[in-house]
Every structure is written in structure tokens, then in C-alpha cells.
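Observations on the model geometry
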Amino acid sequence: MKPISLADLSQFKKDKHKFATITAYDSSFAQLFAEQGIQVILVGDSLGMTIQGESSTLPVTVEQIAYHTRCVRKGAPDTFIISDMPFMSYATPEQACHNAAILMQAGANMVKIEGGSWLCDTIKMLGERSVPVCGHLGLTPQAVNVLGGYKVQGRDEVTANQLVKDAIALENAGMQLLVLECVPTSLANHVTEELLLPVIGIGAGNGTDGQILVMQDALGITARPPKFAKNFLAQAGNIHDAVRMYIQEVEEGIYPGESHSFS
Ligand code: KIV
Ligand code: NA
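In every chain, residue numbers begin from 1 and rise along the written sequence. The order in which chains are written sets their letters, starting at A; the order in which ligands are written sets their numbers, starting at 1. Only residues with pLDDT of at least 70 get local features here, since the model is predicted, and only at 80 or more are side-chain atom pairs given and counted; chain-wide, interface and lining totals rely on the full set of residues. As a convention, hydrogens and water are excluded, and side-chain values are obtained from all of the structure's heavy atoms.

The test is simple: UniProt positions are given in the numbering used here, feature names are shortened, and annotations may be inferred rather than shown by experiment.
Per an unreviewed UniProt entry, the protein goes by the name 3-methyl-2-oxobutanoate hydroxymethyltransferase and belongs to Providencia heimbachae ATCC 35613. Comment text from UniProt for the protein, heading Function (unreviewed entry), reads "Catalyzes the reversible reaction in which hydroxymethyl group from 5,10-methylenetetrahydrofolate is transferred onto alpha-ketoisovalerate to form ketopantoate."

And the structure:
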């Protein structure tokens, strides 16, 4: 299979071809996901919870993401890999450049950072230095101590308008992909229409250009799964078929359904 690029993802958006992405943290799952047709993998700082057993993503370090990025890259040599920049690793544009280099050298094709328009200078600086940036708006788990928990974001008009403004500012600064987490479907649809870049949703309804799931949520491993999660393994019976079912249900607009979304 030909390695996928950001240009292909933009084409998917134009063609209204919905695409499924998933997290992975090691080579064996990365290989399995790639073999079943996953073309974009996120090495998420969710590994703080799923791998390390922490109660938030805050303890995760750049070195740990680099280690898991190397593992995933070995298993999925042709897959588009996005690596999360951990908490405080992009506090300034200079720190972002230093730490993004470590993740790109570990095998990432793109880095992901959480936050609004305060990141414009960072995105510009990274872009000028050939590091593509994925944004992350809505529920941004690194901000859990400010948000006061893992809650749906953008439910009132003021915060919804702010999110739209932030998304546009980040796109204008050079952001090339956006993850929207836990926002009402109508807001996610509006952002997806406003932006030229592909929007990947999680708990954001099924109007976004793509979907992402934490692999443990998709395989029924998470003890108390979030509302938007679906256990594809329960239905499919084995991991290979579960991943193919996830991809197919995203492509056909079956997943996420109403019961996985917020209004
Ligand atoms: O860390 C992660 O897995 C993520 C996804 C939930 C988008 O950021
Ligand atoms: Na993350």
C-alpha cells in the first residue's frame, strides 16, 4: 500500500470519504491496524492512562512518546503517524521546536498540540521548520485541571463561538489537521464546514471528516468507557474483524451514531 499523505487526507475531505484513525502504542498493534487498512495512527499521550495506568495525561514525557513512536513506526512503516506533544513540552515556540524534533526523528510524520489561538506562533514556527501540526480543540485532556474534569465542551454560545474562532486562527497559522474532542455534533459540523483542513472527531458526532478512537475503547478493554466509545470486538469476535468493522462503520457513517454523540 502506498503511504498516505496530508494531501490524500485533504482529498478525502473533498471527496466526502470519511476515514477512521486509531491510537497505537506498540509495534504489534500498529502492524495489525495497518494490515486491516488503518492509514493514520496516533501515538497519543492517552498512553499515560492506557499504558502507564496514570489518572491523567499530565505525567507523560517527550522521551516516552518518542519511545512509543519508534515502536509504532517499526510495526507500521508506511502508516501516517501523528505523535502527541505532551503537557508543557510546547509551552513556548522554542520548546515546541526542540521537542517536535525528537518526535519527528523517532518516526512521526506530524505532531499534535492541544489548545487555541495562543498556539498560532508555535504552529507557524514549526511549519516553517517543516513540522506539520495537528491541532486539538474541545475537550483537551492536558487542561483537565482548568476544565474541572473530562466534560463536553462548547455547549454554550460563548464557548462555541470561541472554539470556531480558535479553529480558524489555527488554520490560518498553518495547522493542517484538527482533532475535535467531546463537542456537540452541531458545533463539530460547523467547524468541519468552516475549515479547509480535515477535521477528525472523537465524541463529536458523525459529521466530521474522520474519526479517532483510543484503541482500548474500540476493543472493549477500557473499564469505564466514555459515551462515544464502541466495543467493536464484542460484535466482531476477533481483533482483525473488529478493526475492519470500525473502518467500515466510519466510512458508511454508521459509527458514531446518536447514542455515541452529544447534542
Ligand atoms: O491521546 C490521545 O489518544 C488523543 C485522542 C483521544 C485524540 O489525543
Ligand atoms: Na492526546
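1. Details of the UniProt feature "binding site: 3-methyl-2-oxobutanoate" (unreviewed entry) in the protein
The line we're drawing: For helices the rule is a DSSP run of H or I covering at least 4 residues; for strands it is a run of E covering at least 2, with both sets numbered from the N terminus onward. Contact definition: two residues touch when any of their heavy atoms are within 4.5 Å.
When the UniProt feature table is mapped onto this chain numbering, "binding site: 3-methyl-2-oxobutanoate" (unreviewed entry) sits at Asp 45, Ser 46, Asp 84 and Lys 112. The named residues occupy 68 residues along the chain; their greatest pairwise C-alpha distance, 12.4 Å, places them in one compact cluster. Tracing the sequence through the fold places Ser 46 in the loop between β2 (40-43) and α3 (47-50). In this structure, Ser 46 is in contact with Thr 23, Tyr 25, Thr 57 and Val 214, ignoring residues within four places of it in sequence. Along the polypeptide, Asp 84 turns up in strand β3 (residues 80-84).

2. With respect to unusual backbone geometry
Put simply, Tyr 255 and Pro 256 share a cis peptide bond, and its omega is -5°. Relative to the elements of secondary structure, Pro 256 occurs in the segment after α12 (239-251). The phi dihedral of Lys 16 falls on the positive side, at around 55°, and the residue is not glycine. Within the fold, Lys 16 resides in the loop between α1 (6-15) and β1 (19-23). Residue Cys 182 is not a glycine yet carries a positive backbone phi of 50°. Within the secondary structure layout, Cys 182 lies in the loop between β6 (177-181) and α9 (185-194).

3. Remarks on the side chain of Lys 13
Filter applied, for reference: For the purposes of these results, a polar contact is taken to be a pair of N or O atoms within 3.5 Å, where, inside protein, one atom must be able to donate a hydrogen and its partner to accept one; residues adjacent in sequence count only when each atom of the pair is a side-chain atom.
Turning to its location among the elements, Lys 13 is positioned in helix α1. Here the side chain of Lys 13 touches Leu 195 through a polar contact of 3.0 Å, landing on its backbone oxygen. If we skip the residues at most four places from it in the chain, Lys 13 touches Thr 192, Leu 195, Leu 196, Leu 197, Pro 198, Val 199 and Asp 209.

4. Let's talk about the side chain of His 68
Applied cut-off: Residue exposure (1.4 Å probe, protein chains only): buried if accessible area is under 20% of the type maximum, exposed if over 50%, otherwise partly exposed.
Among the structural elements, His 68 can be located in helix α4 (residues 62-75). For His 68, a relative accessible area of 11% gives the class buried. Apart from the residues within four sequence positions on either side, His 68 is in contact with Tyr 25, Val 43, Leu 47 and Ile 51.

5. What to know about the coordination of the sodium ion (ligand 2)
As a reminder, the rule being used: The donor definition counts N, O and S atoms within 2.8 Å of each metal and applies 3.2 Å to Na, K and Ca; water is not among these atoms, so some sites may look incomplete.
Looking at the sodium ion (ligand 2), one finds its protein donor set to be Asp 45 (OD) and Asp 84 (OD), positioned 2.2 to 2.3 Å from the metal centre. In this pair, Asp 45 is assigned in the loop between β2 and α3 and Asp 84 in strand β3, connecting sequence segments 39 residues apart. For the pair Asp 45 and Asp 84, a shared accessibility class is recorded, and that class is buried.

6. A few points about the packing of helix α2 (residues 27-36) against α4
Short version of the rule: Fitted lines through C-alpha atoms give the axes, limited to the stretch in contact for helices. The angle between two N-to-C directions lies from 0 to 180 degrees. Oblique is the label for every angle not falling under 35 degrees (roughly parallel), over 145 degrees (roughly antiparallel), or within 65 to 115 degrees (roughly perpendicular). We call a crossing left-handed when the near helix sits turned anticlockwise from the far one by less than a right angle, and right-handed when that turn is clockwise. When residues are grouped by polarity, Ala, Val, Leu, Ile, Met, Phe, Trp, Tyr, Cys and Pro land in nonpolar, Asp, Glu, Lys and Arg in charged, and all others, Gly among them, in polar.
Two elements in contact, α2 and α4, have axes separated by 7 Å at closest approach and are oriented at 40°. Classified by the interaxial angle, the pair formed by α2 and α4 is oblique. Crossing geometry of α2 relative to α4 is assigned as right-handed. For the pair α2 and α4, the contacting residues are Ser 27, Ala 30 and Gln 31 in the first and Cys 71, Val 72, Lys 74 and Gly 75 in the second. The residue makeup of the contact of α2 with α4, split by class, is three nonpolar, three polar and one charged.

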